[in-house]
Amino acid sequence: MILPDSLLSSPIAHRGLHNLDQGIPENSRAAIRAAIEAGYPIEIDLQMSRDKQAIVFHDYDMRRLTGQSGPVQMRSAQDLAEIPILGGDETVPTLPEVLDLVAGKVPLLIELKDQDGGLGTAVGALETATAQALEGYSGDVALMSFNPHMVAELARLAPDRPRGLTTCGFLREDWLAIKQERLDELRSLPDIDRVGACFISHNVDDLGSRHVAKRHEAGFPILCWTVRSAQQEAEARKVADNVTFEGYTA
């Protein structure tokens, strides 16, 4: 299992090629279309709806992106299809809708957001919805998650799809729901081999990690998130094989 070359050869548009000044919100159909037109690979995020559909949306709560309160998980896919995303003129899309829109024109990097609440073992529903949506899809795609248990479940449900781990420095202030000893363990990237990951996507601010350096030196593919300037990209590429970017033209 290897990461497609297409996800290493061109910078990846973070949550699509979004730009609120142009009326293009993140993870929207407009952001997907803009990235396709520009020829960029696309990173998107998945949450799960109440009726267990894979929804293209980053946050757990809806307020920042829609102005409506409450978790995405409390809304059905049909409800979400009627809720406008702030800053544009579209509603919240499902993964099948985005796959139909992309249709293999550019590669997709899909992050499944943790549904357990603590990077634990309560997994299965979002992975199942994702695997089902991808059945028959022939474009380049790779899957990833912060939760190693989710990546292991993806290995079971979609063994032919390249999969990786989203990783970072796992700082205490960013992961209040996780026990310190688990954060210390995760920081050393212990699950890569166990879950059959063929890449990591690591926080750009932690690319100096000795654990990342060890993998980089061994030739293991390293992506990074989220790069916000050409200068930061140039520095990141000393370690990372590719970048996920936003806010500038990569």
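Residues numbered from 1 in each chain as written. Predicted model: local features only at pLDDT ≥ 70, side-chain atom pairs only at ≥ 80, totals over all residues. Heavy atoms only, no water.

Q: I keep staring at the packing of helix 5 (residues 95-102) against helix 6 (residues 125-134) and nothing clicks. Help me out?
A: Remark: helix 5 packs on helix 6, axes separated minimally by 10 Å, with the N-to-C direction vectors making an angle of 30°. On the basis of their axis angle, the class for helix 5 and helix 6 is roughly parallel. Along this stretch, helix 5 crosses helix 6, giving a crossing that reads as right-handed. The segment helix 5 lies against helix 6, with Leu-95, Pro-96 and Leu-99 engaging Thr-130, Ala-133 and Leu-134. Residues of the contact of helix 5 with helix 6, tallied by class, amount to five nonpolar, one polar and no charged. (Axes fitted to C-alpha atoms, helices over the stretch in contact; angles between N-to-C directions. Helix = DSSP H or I, 4+ residues; strand = E, 2+ residues; numbered from the N terminus. Parallel < 35°, antiparallel > 145°, perpendicular 65-115°, else oblique. Left-handed = near helix turned anticlockwise from the far one by under 90°. Contact = heavy atoms within 4.5 Å. Nonpolar A, V, L, I, M, F, W, Y, C, P; charged D, E, K, R; others polar.)

Q: It is not clear to me how the packing of aromatic side chains should be interpreted in this structure. Could you clarify?
A: Two descriptors summarise a pair of aromatic rings, namely the distance from one centre to the other and the angle between the planes of the rings. Scanning the model with the defined rule gives six aromatic pairs in all. On the basis of an interplanar angle of 40° and a centroid distance of 5.4 Å, the ring pair of Phe-170 and Trp-175 is categorised as tilted. For Phe-170, a relative accessible area of 2% puts it in the buried group. Through pairs of rings, three or more aromatic residues link up here, namely Phe-146, Phe-170, Trp-175 and Trp-225. In this structure, Arg-215 is placed above the aromatic ring of Phe-220, and the distance from its NZ or CZ to the ring centre is 5.5 Å. (Phe/Tyr/Trp six-rings, centres within 6.5 Å; stacked < 30°, edge-to-face > 60°. Buried < 20%, exposed > 50% of the residue type's maximum accessible area, 1.4 Å probe, protein only. Lys NZ or Arg CZ within 6 Å of the ring centre and 35° of its normal.)

Q: Could you clarify how one ought to interpret helix 5 in this entry?
A: Owing to its 3.6 residues per turn, the α-helix aligns residues three or four sequence positions apart on the same side. The complete set of buried residues in helix 5 reads Leu-95, Val-98, Leu-99 and Val-102. Buried residues along helix 5 cover an arc of 100° about the axis, so they all sit on one side. (Arc of directions from axis to C-beta.)

Q: Please clarify how the pattern of salt bridges should be interpreted in this entry.
A: Pairing is possible between side chains that carry opposite charge, provided their charged atoms lie close to one another. With the rule as written, the count across this model stands at 17 salt bridges. The closest approach of N and O atoms between Arg-29 and Glu-97, which form a salt bridge, is 3.1 Å. With Arg-29 in helix 2 (residues 29-38) and Glu-97 in helix 5, this pair connects stretches of sequence that are 68 residues apart. For Asp-79, the salt bridge goes to Arg-50, with nearest N and O atoms at 3.9 Å. Here Asp-79 is found in helix 4 (residues 77-80), whereas its partner Arg-50 is found in the loop between strand 2 (42-48) and strand 3 (54-56), with 29 residues between them in sequence. Here Asp-79 falls in the partly exposed class, since its relative accessible area comes to 29%. Several salt bridges converge on common partners, so that one network encompasses Arg-15, Glu-26, Asp-45, Asp-59 and Arg-64. (Salt bridge = Lys/Arg side-chain N within 4 Å of Asp/Glu carboxyl O.)

Q: Please explain the nonpolar core as it appears in this structure.
A: Most often, soluble globular proteins keep nonpolar side chains buried together rather than apart. Judged by nonpolar contacts, the single largest core of 48 residues is most densely connected at Ile-42, Ile-44, Leu-95, Val-102, Leu-108, Ile-110 and Leu-207. Excluding anything up to four places from it in sequence, Ile-42 contacts Ile-12, Ala-13, Gly-16, Ile-32, Ala-35, Ile-36, Val-102, Val-106, Pro-107, Leu-108 and Leu-109. Judged by nonpolar contacts, the second largest core, of 10 residues, contains Ile-55, Phe-57, Leu-65 and Ile-83. (Core = buried A, V, L, I, M, F, W, Y, C linked by side-chain atoms within 4.5 Å.)

Q: Would you take a moment to explain the environment of Ser-188 for this structure?
A: For Ser-188, the location among the structural elements is in the loop between helix 8 (180-187) and strand 7 (200-203). In this structure the C-alpha to C-alpha distance between Ser-188 and Leu-86, which are 102 residues apart in sequence, comes to 38 Å. There is a polar contact of 2.7 Å between the side chain of Ser-188 and the backbone oxygen of Glu-185. (Polar contact = N/O pair within 3.5 Å; in protein donor to acceptor, adjacent residues only side chain to side chain.)

Q: Is there a simple way to explain the state of the cysteines in this structure?
A: Should the sulfur atoms of two cysteines be covalently bonded, the bond is a disulfide. Tallied over the entire structure, the rule returns zero disulfides. Here Cys-168 is not disulfide-linked; the sulfur of Cys-224 is the nearest cysteine sulfur, at 13 Å. Take Cys-168: its relative accessible area is 6%, and that puts it in the buried class. Take Cys-224: its relative accessible area is 0%, and that puts it in the buried class. (Disulfide = S-S within 2.5 Å.)

Q: Before we go on, may I ask you to explain helix 6 in this structure?
A: Of all 10 residues that make up helix 6, seven are buried, and the element is covered over most of its length. Taken together, the buried positions of helix 6 are Leu-126, Glu-127, Ala-129, Thr-130, Ala-131, Ala-133 and Leu-134. Downstream of helix 6 by one or two residues, Gly-136 has phi in the positive range, about 85°.

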